[in-house]
Each structure stands twice: as structure tokens, then as C-alpha cells.
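Analysis of the macromolecular model
Residue strings, one per chain:
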Amino acid sequence: MDITEEIKNLKKAKNAVIIAHNYQLPEVQDIADFTGDSLELSRKAMELEGFDVIVFCGVRFMAETAKILSPGRKVLLPEADAGCPMADMADPEGLLKMKEMHPGAWVVSYVNTSAAVKALSDVCCTSANADAVVRNAPRDKVIFLPDRNLCWYVRQKVKGKEIVCWDGYCIVHRRFKPGDVAMARKLYPSGEVIVHPECDPEVQSLADGVYSTSGMLRRVRESLSGVFIVGTEEGLIHRMKIENPGKTFYSLGPARTCSNMKKTTLSSVKNALVQDRYPVELDPDVIRGARRALERMIEYI
Ligand code: SF4
């Protein structure tokens, strides 16, 4: 039997739902019940009813987020070592020290953080709502972690608050360079250059627009332009092409892939369903603290 048929049958037998991030391999996105960015998937995990198991095709912090929002369900991460190097750059001990250095500051954590870091935060955000979350923070001083580039983006958008940036970054997005934008302008002069706020400030400044992944999808749908040069993980281009058959998409410079996002394959999804692996387990106190930070974020949007 074809592996996609096997997965469909297993899903039914286990009463499972498959959720996949936009950066997953195209064939994994195609078998998923829902695809989206971290914000859309966080909401989906909260709203889902009638399923016992969530198979989360993404990286660990995303599966943890699904578990935090749906603690009664079994959440499976098909590849146990699919992590996010940027999330690993922020640790609870370091955050506690930073809080001591900036007493009274409101802690805003990007969803790309571990559950333990979320539990020590006041509120979470995604790249789609980071500026709104910081703007609405009830204090004048904010600690923002872990992405220094998203923090720079927020500083441009939000005035009147002191924003202390953590020094983390995404190893994939930092590989986009100003020279890639210059080359794209030369090759596709009428093209629209859109980049993610995890890119370096120099790249953000040169682009036509800076958008979260959901913002990019909306932009390419609504823009009158027919050619787009996309500065984010190349997996998003798969969805752009499906949703916009008359438009053309190029990666900004050589295609940049996140190796952690590409660890999940159809075989690992099948094995996850057959062997119930790898279940996400979290301490109940961590779940409580992290859930409060995530729910506050959802209130803002
Ligand atoms: S693309 Fe960057 S932020 Fe996203 S999972 Fe990969 S390393 Fe982490």
C-alpha cells in the first residue's frame, strides 16, 4: 500500500490529526490536515476537538506549544531531535539573570522558546504579532527574547518603550545577505522582495516588505505583482505556488533550508503513528506557567 494511504488509515485508527508547519517537506505538508505558521498552529491546537492524538510535524518548541495548549491529548513529535537552534539560545537560568538585571521589565518571549522559558515569561508572541504584543505590554520596559533581529524589527515599529534584546538569532535566516537582495533586483527588476523579520536588519532595510510567514502568504495573494523573491525558509514557497498558480516565486539567493524542519519524513510520520513516538512530556508547573504566557498572547490577537 502507498505510504500516504497507510498514514491515512493509521490516522483514522488512532483518531489522530496531523499538523505541519509551513517549512516542512512538501510531501509532509501535503498529507497534513492543517498547515500554517506557529501562530495559526497554536490556535488550531487550542480549537481542535474530537481527536486523541496530535502528530506535530515541526520542531520541538512547536510540539511543546501544542501540548501546553492541549495538555489532555497525546502530542507526538515524529523526530525526537528536531529542535530549533534559536530556541536553544535562550535558557531559563539566563532569563532569570536578565530579569534580575532589569527588575520590573515585562518579559516577551517569541514562541521559538522552550516550554521552560515560556513558563518564566509574561507573554508570548509570534512574528505576526510581536509588535502588537510589545506595544500592549503594561510596562515601559520589555525584555524580548530570543531573536535579536525580530527585536530590532519591533523596535522600529514600537516607540516609547525601552526594549532589551536577547542575543539569539535564526541560523537559517541570518544566511540571507544584502548582496542577495542586490542580485535579485538585477535579475528580476519588477519582482517584489519580501523577507522575514528573522533576517538581519540590513536585509530587512533593503526589502520591499517585511512579513511573518502568514503575512507573506497574505501579501503574495493580495499584491498586484506577479513575481516575488522570498527571503525565508524555502518550504513556504511550496504553499505560495499552490495558492497562487499564476504567480512566480524565487528564493532570495540560494534556497535556504532549515535542516531541523526537514528531518520529518513520511516514514517518520508513519512510525510516529504506529509506535506512538515521540510523546511530548512536560512538568505540570511548566505547563501552567507557559500556558498563561501563551493565553495572554492569544488575548492580544
Ligand atoms: S528556521 Fe530558524 S527559527 Fe525556524 S526552526 Fe529553523 S532554526 Fe529555528
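What counts, and at which threshold
Residues numbered from 1 in each chain as written. Predicted model: local features only at pLDDT ≥ 70, side-chain atom pairs only at ≥ 80, totals over all residues. Axes fitted to C-alpha atoms, helices over the stretch in contact; angles between N-to-C directions. Helix = DSSP H or I, 4+ residues; strand = E, 2+ residues; numbered from the N terminus. Parallel < 35°, antiparallel > 145°, perpendicular 65-115°, else oblique. Left-handed = near helix turned anticlockwise from the far one by under 90°. Contact = placed C-beta atoms within 7 Å. Nonpolar A, V, L, I, M, F, W, Y, C, P; charged D, E, K, R; others polar. Domains from an automatic or database assignment. Buried ≥ 20, exposed ≤ 12 C-beta atoms within 10 Å, placed from the backbone. Pairing = 2+ DSSP bridges. Core = buried A, V, L, I, M, F, W, Y, C linked by C-beta atoms within 7 Å. Near = placed C-beta within 6 Å. Expected span 1.5 Å × (residues − 1).

For the rest of this paragraph, the subject is the packing of helix α1 (residues 3–14) against helix α14 (residues 266–275). Across the interface, α1 lies against α14 with an axial gap of 10 Å and an inter-helix angle of 25°. When the axis of α1 is compared with that of α14, the two are roughly parallel. By crossing handedness, the relation of α1 to α14 is classed as left-handed. Across the interface between the two elements, I3, T4, E6, I7, L10, K11 and K14 from α1 touch L266, V269, K270, L273 and V274 from α14. Looking at the contact of α1 with α14 residue by residue, the classes come out as 7 nonpolar, 1 polar and 4 charged.

Parsing the chain into structural domains produces domain 1 (3–82 + 261–281), domain 2 (86–169 + 289–300) and domain 3 (173–251). If you average the C-alpha positions of domain 2 and of domain 3, the two centres end up 26 Å apart. Taken together, the contact between domain 2 and domain 3 spans 9 residues of the former and 12 residues of the latter. The residue makeup of the side of domain 2 that touches domain 3, split by class, is 5 nonpolar, 3 polar and 1 charged.

This paragraph deals with the pairing of strand β3 (residues 53–57). β3 sits mainly inside the fold: 4 of its 5 residues count as buried. Relative to β3, strand β1 (residues 16–21) is paired through 5 bridges, and the arrangement is parallel. For A20, the partnering residue across the bridge sits in β3 and is C57. Judged from the 3 bridges that link them, β3 and strand β4 (residues 74–76) form a sheet pairing that is parallel.

Attention now moves to the sheet that holds β3. In space, the 4 strands of this open sheet follow the order β2-β1-β3-β4, with parallel pairing throughout. The strands lining the two open edges of the sheet, one partner per strand, are β2 (34–36) and β4. The sheet shows a mean angle of 20° between the axes of neighbouring strands, direction not considered. Each of β1, β2 and β3 is contacted by helix α3 (residues 38–47), which is oriented at about 145° to β2, the strand it contacts most. Where α14 meets the sheet, its contacts fall on β1, β3 and β4, and the angle it forms with β3 comes to roughly 155°.

One finds V55, F56, V108, F144 and V195 to be the most contacted residues of the largest nonpolar core, which totals 90 residues. A per-element tally of this core places helix α4 (residues 60–69) first, with 6 residues. The residues touching F56, leaving out its near neighbours within four places in the chain, are I19, M62, A63, A66, V75, L76 and L77.

To continue, consider the pairing of strand β5 (residues 106–110). Counting buried positions over the 5 residues of β5 gives 5, a clear majority of the element. Where β5 meets strand β6 (residues 123–125), 3 bridges bridge the pair, whose relative direction is parallel. Bridging from a neighbouring strand, Y110 pairs with C125 of β6.

On to the site of the ligand. Taken together, V59, C84, P85, M86, N112, C170, I171, V172, E233, C258, N260 and M261 are the residues near the ligand. Of the residues contributing to the shell around the ligand, the split by class is 9 nonpolar, 2 polar and 1 charged.

Its 12 residues place the ends of α1 16 Å apart at the C-alpha level, agreeing with the 16 Å of an ideal helix rising 1.5 Å per residue. The first or second residue beyond α1 is N15, which carries a positive phi of 50°.

Here we take up unusual backbone geometry. Glycine aside, negative phi is the norm for most residues, and most peptide bonds take the trans geometry. Here the residue pair L145 and P146 is connected by a cis peptide bond, since its omega of 0° sits within 30 degrees of zero. Position of P146 relative to the elements: it lies in the loop between β7 (141–145) and α9 (148–157). Going from R277 to Y278, the amide bond is cis rather than trans, its omega being -5°. Within the secondary structure layout, Y278 lies in the loop between α14 and α15 (284–300). Of note, N15 is a non-glycine position whose phi angle comes to about 50°, a positive value.

The subject of this paragraph is the environment of L39. Tracing the sequence through the fold places L39 in helix α3. The residues contacting L39, other than those within four sequence positions of it, are T126, A128, N129 and S214.

Topologically, I287 is positioned in helix α15. Separated by 168 residues in sequence, I287 and A119 place their C-alpha atoms 7.2 Å apart. Beyond its immediate chain neighbours, meaning those up to four positions away, I287 contacts I68, P71 and L282.

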